[in-house]
Amino acid sequence: MRERAGERRLPAGEGAAGFVDAADDGVRRALGRPPRTFAEFAESTAAAGGRPV
C-alpha cells in the first residue's frame, strides 16, 4: 500500500498512543502548557462569555 502525500505512518506498536504523545509534546512546546480537553476548552470559553460569531 502506498502512502499518500503528507501522510505519516507510525511504526508498528506505536498506534494512537504515539500520535497522542506527539501532539501532547507539540502543545507543550508551542504553548508552554499541557493540552486541554475539549470539555475544559468549552467550559473556559463559556465562562468568558462565549465566542463571538
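The structure reproduced in this document is the subject of the present report. All of these numbers come straight from a predicted model, not from anything done at the bench.

Notes on the overall build of the protein
For step 1, the next point in the chain: Per the secondary structure count, the protein includes two helices and zero strands.
For step 2, the next point in the chain: Of all 53 residues assigned to the protein, the portion counted as buried reaches 2%.
For step 3, the next point in the chain: About 4900 Å² of surface is accessible on the protein, with carbon and sulfur atoms providing 58% of the total.

Here we look at the packing of aromatic side chains
For step 1, the next point in the chain: A full pass over the atoms with the stated rule returns one aromatic pair.
For step 2, the next point in the chain: Look at F38 and F41: their rings are 5.9 Å apart centre to centre, the planes differ by 45°, and that puts the pair in the tilted class. Of this pair, F38 and F41 both sit in helix α2 (residues 38-47), separated by three residues, roughly a single helical turn.
For step 3, the next point in the chain: For F41, a relative accessible area of 35% gives the class partly exposed.

Quick notes on α2
For step 1, the next point in the chain: Judged by how many residues are buried, α2 sits mostly at the surface: zero of 10 residues are covered.
For step 2, the next point in the chain: Of the residues trailing α2, G49 is marked for its positive phi of about 100°.

Structural notes on the environment of R33
For step 1, the next point in the chain: Among the structural elements, R33 can be located in the loop between α1 (15-31) and α2.
For step 2, the next point in the chain: For R33, a relative accessible area of 31% gives the class partly exposed.
For step 3, the next point in the chain: Not counting chain neighbours up to four residues away, the residues in contact with R33 comprise V27 and R28.

Conventions we followed
For every chain, the first residue of its written sequence is number 1, and the numbers climb from 1 along that sequence. Thresholds applied to this predicted model are a pLDDT of at least 70 for local features of residues and 80 or more for the giving and counting of side-chain atom pairs; totals over whole chains, interfaces and linings are not thresholded and use all residues. Only hydrogens and water are set aside when side-chain values are computed; all heavy atoms of the structure are taken into account. Each helix is a run of H or I in the DSSP string that is no shorter than four residues. Each strand is a run of E no shorter than two, and both are numbered from the N terminus. Classification of residues uses two cut-offs on accessible area relative to the type maximum, computed with a 1.4 Å probe and protein chains only: under 20% is buried, over 50% is exposed, and between them is partly exposed. Under the convention used here, a 1.4 Å probe and the Shrake-Rupley method define accessible areas, while residue burial counts only the protein chains that appear. Two rings from Phe, Tyr or Trp (for Trp, the six-membered ring) form a pair when their centres are within 6.5 Å of each other. A pair whose planes differ by under 30 degrees is stacked, one over 60 is edge-to-face, and the rest are tilted. The contact criterion used is simple: two residues touch if any of their non-hydrogen atoms lie within 4.5 Å.

Keep in mind that these numbers describe shape and distance, not what the molecule does.
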